[in-house]
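# Secondary and tertiary structure notes
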Amino acid sequence: MAKLVLSMNGVVQGEYQLDGERLTIGRKPENDIQIDNLAVSGKHALIITILDDSFLEDLGSTNGTYVNGKLIKKHALKDGDVIAIGKHELKYVNENASTDDDEFEKTMIIKPGSASAAVAAAKAAEQAGVGAISPQPAPQPAPQPAAAQATTPVGMPLGRLTVLNGPIAGKELELTKALITLGKPGTQVAVISRRPQGYFLTHIESDGDGKRYPLVNGDPIGAKAYQLKDSDLIELAGIKMEFSSGS
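Residues numbered from 1 in each chain as written. Predicted model: local features only at pLDDT ≥ 70, side-chain atom pairs only at ≥ 80, totals over all residues. Heavy atoms only, no water.

This brings us to the overall build of the protein. Looking only at helices and strands, the protein features 1 helix and 21 strands. Looking at the protein as shown, the accessible area adds up to about 12100 Å², and 49% of this sits on carbon and sulfur atoms. (Helix = DSSP H or I, 4+ residues; strand = E, 2+ residues; numbered from the N terminus. Areas by Shrake-Rupley, 256 points an atom, 1.4 Å probe, with all protein chains shown as cover.)

Rendered as C-alpha cells:
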C-alpha cells in the first residue's frame, strides 16, 4: 500500500497510509495530514488515490506545492517523489505506482468528485453489460462509488490501444489495469474498465454541458458503457486510437 512519509529537516514526523480515495493536507486540524506551520495554507493540497496510483493537486495554496523541486498544480505521483509544502517534505512510497508519464495515458482525473466517478464507472460497466450506441441516450443516475477489482480475470487476453494520430502516433498501451482513464481533464475524459465479459468504455466528463461523448467507429457511445470489440476505432479528446482485444 502506498504511503507518505512526513519529515522536516531530515527528521521523520510521521507516516500516513493512502488507504482512502481522498487525503487532504493543510494547516487546519480537519485535514488528514495536519502541518501546523504558517507557511502552509489551511487546505493546501489534495491527494486522490485510484487503485495503485495517486495524484496530487495544489488547492490554490499561498506558497505553492512542489514535487522534486518543481512547482506543480497537478501531478501524477511516482515512487520516490518528494512533495515540498512549506518547510516540510512528504516522500511518496509506492513500488506499484505507474511510471508511464506521456500524454497518452491521462490518469490525472483529480478534480473533486472525478475519482469517485471513475471508480463508479467501473461498477456501472459491470452492471450495464453491452451498451448500445445511441446519439441521444436518456440521462443515467450516477452510481455509488464501488471498489474496482485489480486482478486480471483468469484466461482473459489483455487488450491494447494503439494511437493513430498526434505526436505519439504508433504508441501502444497494454490494458493491464482494471481501470484506465483516458483524455484531458476539463476537456473530455472516459474510462476503460476490464470486466470478466471484456473491456468497456464509459464516458466520464467533457467540457460544456458534459454531453460530448467519445466516438467509436464515428458514432457517440452515449451514457451507457460500451463493450469494445476488436479493431474498434476510438476518438477521445482529439486522439484517435484502435482497440485490439488481444485474442
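Read on, since the account is not over.
One side chain can pair with another of opposite charge once the charged atoms of both are near each other. Following the criterion strictly, the structure yields 3 salt bridges and no others. For the salt bridge of Lys3 with Glu15, the shortest nitrogen-to-oxygen distance reads 3.2 Å. Of this pair, Lys3 sits in strand 1 (residues 3-8) while Glu15 sits in strand 2 (residues 11-17), and the two are 12 residues apart along the sequence. Glu174 serves as the salt-bridge partner of Arg160, at 3.5 Å between the closest nitrogen and oxygen. Of this pair, Arg160 sits in strand 12 (residues 160-163) while Glu174 sits in strand 13 (residues 172-174), placing them 14 residues apart in sequence. Arg160 gets classed as partly exposed once you look at its relative accessible area, which sits at 27%. Here the salt bridges do not stand alone but share partners, grouping Arg160, Glu172 and Glu174 into one network. (Salt bridge = Lys/Arg side-chain N within 4 Å of Asp/Glu carboxyl O. Buried < 20%, exposed > 50% of the residue type's maximum accessible area, 1.4 Å probe, protein only.)

Attention shifts here to the sheet that holds strand 13. As summarised here, the arrangement of the 6 strands in space is 13-12-21-20-17-18, forming an open sheet in which the pairing is antiparallel. In this open sheet, the two edge strands, each paired with only one partner strand, are strand 13 and strand 18 (219-220). One ladder, built from 2 bridges, connects strand 17 (residues 215-216) with strand 18; its direction is antiparallel. Within strand 18, the residue paired with Val216 across the bridge is Asp219. (Pairing = 2+ DSSP bridges.)

Moving on, we come to unusual backbone geometry. Of note, the phi angle at Asn9 is positive, near 55°, even though the residue is not glycine. A relative accessible area of 71% means that Asn9 is categorised as exposed.

One can find Arg194 in strand 15 (residues 188-195). Of the buried charged residues, Arg194 lacks a salt bridge, with Glu174 as the closest side chain of opposite charge at 9.2 Å. There is a polar contact of 3.5 Å between the side chain of Arg194 and the backbone oxygen of Leu175. Here Thr176 takes part through its backbone oxygen, which lies 2.5 Å from a polar atom of the side chain of Arg194. (Lys, Arg positive; Asp, Glu negative; His and termini not counted. Polar contact = N/O pair within 3.5 Å; in protein donor to acceptor, adjacent residues only side chain to side chain.)

All right, on to the sheet that holds strand 10 (residues 82-85) then. What the 6 strands build is an open sheet, ordered 2-1-11-10-7-8; its pairing is antiparallel. Single-partner strands in this sheet number two, and they are strand 2 and strand 8 (70-72). Taken pair by pair, the neighbouring strands of this sheet meet at an average axis angle of 30°, ignoring direction. (Axes fitted to C-alpha atoms, helices over the stretch in contact; angles between N-to-C directions.)

In this section: the pairing of strand 2. Pairing of strand 1 with strand 2 involves 6 bridges; the strand directions are antiparallel. Among the inter-strand pairings, Val5 is bridged to a residue of strand 2, identified as Glu15. As consecutive antiparallel partners, strand 1 and strand 2 are separated by 2 residues, and within that stretch Asn9 has a phi angle of approximately 55°, a positive value.

The alternating pattern of strand 10 places Ile83 and Ile85 on a buried face, while none of Val82 and Ala84, on the opposite face, is buried. Connecting strand 10 to the antiparallel partner strand 11 (residues 88-93) that follows it, the hairpin turn spans 2 residues, and Gly86 within it adopts a positive phi of roughly 65°.

Once that is clear, we can look at the environment of Ile204. Take Ile204: it is sitting in strand 16 (residues 198-206). A residue is classified by how much of its surface remains accessible, and Ile204, at 17% relative accessible area, is buried. Along the sequence, Ile204 and Gly183 sit 21 residues apart, while their C-alpha atoms lie 9.8 Å from each other.

Further remarks concern the confidence of the model for the protein. Summarising the model, the protein shows a mean pLDDT of 76, and 69% of its residues fall at 70 or more. Mean pLDDT in the protein bottoms out at helix 1 (residues 114-128), which sits at 51, and peaks at strand 10, which reaches 97. Low pLDDT, under 50, characterises residues 99-115; the predicted model gives this stretch 54 contacts beyond four residues in sequence or across chains. Taken as a whole, residues 128-152 scores under 50 in pLDDT and shows 45 contacts with residues more than four places along the chain or in a different chain. (pLDDT = per-residue confidence, 0-100. Contact = heavy atoms within 4.5 Å.)

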